[in-house]
Amino acid sequence: MKPGRRLQDTVPAWLEAHRDAARRSLQRRLQAPVLSLISIAVLGFILALPAYLWVLLDNARALSAHVDHDPRIALYLDGVEAATVADLERHLETDARVERWIWIDADEALARYREGLADPGLLDWLDENPLPDVVDVVPATADPETVAALREALAATVPGATVVSDDDWVRQLNSLHQLGLRILSVVGALLGLGALLILALATASELRERREEIAISRISGATHRFLRRPSLYGGVMTGLGGGVFAGILLLIGIGLSRAPLEQAAAAFDLEFGLSLPGATHLLALLLAGLLLGWLGARLGSGHALRDAP
């Protein structure tokens, strides 16, 4: 037989075998709808929880962007020579890490301070202005390492100046975000492992109930791959259903949380709208459900078929 002819005969048979396996798997699930729905619901809950936490964490980071927390570096130029100040100005103009900078004259700073006093005459006893000239620098990025490097460069440019940075909040925010991501990764991994074991046990239990059918099929010449195929399709169906259910739960959870979170943001005078999960998030849930369903079915069916007669 020619290779082309052999391939033409093999492909339809292969497709028919897969269609038959999918059909038999679907029939088994329709015969036990309650157990099938329970498996889908369990997988959906397991997938929805880390997805919900991730959406909240992502929105929390977006909320922080609405708060005016641009890191700043202040240089107090007390007794700094004019030549050094000129070098500082050239550095600020050429350094790409600097978004903008403002020169605050000492006399101007004292005048602003005087305007804020209830009794400006309290400063009349001063013989001279005690305030230094200040350069207020706004970095181009809030990255902690970049801000720290810029602070060191400015301190090296003006050795006699006092350099103060208020970027501690950036480090704290990034640390909290990284901690949240790490906790979410651990929780997601543990939940995923739990879902995998549950699906594997369910698949193995289903195959053990069909021990006699499997034994007869093996006598008739059925291969290990043929016997496993319906279970794999069942795992894919369960995974797909769990992913869809997880997406529904995620949308419901975000919808219920939207109004309270927006009200809390409004109480702090922040304009914030909780963003709903997009198509990428929902597609990721579907893919995660399919992967867990397939892996669980493969593990469970492999173990059960090895123990089967």
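See the structure printed just above.
For clarity, every value in this text was computed on a predicted model and none was experimentally measured.

1. Examining the nonpolar core
If you look at the biggest cluster of nonpolar residues, it comprises 15 residues, and the most contacted ones within it are Leu43, Leu47, Leu250, Leu285 and Leu292. Put simply, the parts of the chain that give this core at least two residues each are α2 (33-64), α6 (168-208), α8 (224-267) and α9 (279-307). Ranked by residues supplied to this core, first place goes to α2 with six residues. With residues up to four places along the chain from it excluded, the contact list for Leu47 reads Gly242, Gly243, Ala246, Leu285, Ala288, Gly289 and Leu292.

2. Observations concerning the pattern of salt bridges
Evaluation of the coordinates by the stated rule reveals three salt bridges. In this structure, Arg97 and Asp95 form a salt bridge, with 2.9 Å as the shortest nitrogen-oxygen distance. Arg97 gets classed as partly exposed once you look at its relative accessible area, which sits at 28%.

3. Comments concerning the sheet that holds strand β2 (residues 98-104)
Pairing is antiparallel in the open sheet, where four strands are placed in the order β2-β3-β1-β4. Each of the sheet's edge strands pairs with one partner strand only, and the pair in question is β2 and β4 (162-165). Averaged over all adjacent pairs, the angle separating strand axes in this sheet is 20°, with direction ignored. Of the strand pairs in this sheet, strand β1 (residues 73-77) and β4 are connected by four bridges, and their pairing is antiparallel. Directly across from Leu75, in β4, lies its bridge partner Val163. The strands touched by helix α5 (residues 144-157) are β1, β2, β3 (133-139) and β4; relative to β1, the strand with the most contacts, the crossing angle is about 10°.

4. Examining the layout of surface pockets
Volume-wise, the largest pocket comes out at about 530 Å³. Residue lining of the largest pocket: 23 residues in total, with Arg29, Leu35, Ser39, Ala202 and Glu206 positioned closest to the centre. At the level of secondary structure, the elements contributing two or more residues to the lining of the largest pocket comprise α1 (3-31), α2, α6, α8 and α9. Among the residues making up the lining of the largest pocket, the classes are represented as ten nonpolar, eight polar and five charged.

5. Quick look at a nonpolar patch on the surface
Together, Val34, Leu35, Ile38, Val42 and Ile198 give the surface a local cluster of nonpolar side chains, amounting to about 450 Å² of exposed area. Counting residues per element, the nonpolar patch draws most heavily on α2, which supplies four residues. Along the chain, the position of Ile38 falls in helix α2.

Conventions and cut-offs
Residues numbered from 1 in each chain as written. Predicted model: local features only at pLDDT ≥ 70, side-chain atom pairs only at ≥ 80, totals over all residues. Heavy atoms only, no water. Core = buried A, V, L, I, M, F, W, Y, C linked by side-chain atoms within 4.5 Å. Buried < 20%, exposed > 50% of the residue type's maximum accessible area, 1.4 Å probe, protein only. Helix = DSSP H or I, 4+ residues; strand = E, 2+ residues; numbered from the N terminus. Contact = heavy atoms within 4.5 Å. Salt bridge = Lys/Arg side-chain N within 4 Å of Asp/Glu carboxyl O. Pairing = 2+ DSSP bridges. Axes fitted to C-alpha atoms, helices over the stretch in contact; angles between N-to-C directions. 1 Å grid on protein atoms, 1.4 Å probe; cavity = no way out; pocket = protein on both sides within 12 Å on 5 of 7 lines; lining within 4 Å. Points joined across faces, edges and corners; volume = space filled by probe spheres on them. Nonpolar A, V, L, I, M, F, W, Y, C, P; charged D, E, K, R; others polar. Patch = residues over 30% accessible without salt bridge, like charges linked within 9 Å, V, L, I, M, F, W, Y side chains within 5 Å. Areas by Shrake-Rupley, 256 points an atom, 1.4 Å probe, with all protein chains shown as cover.

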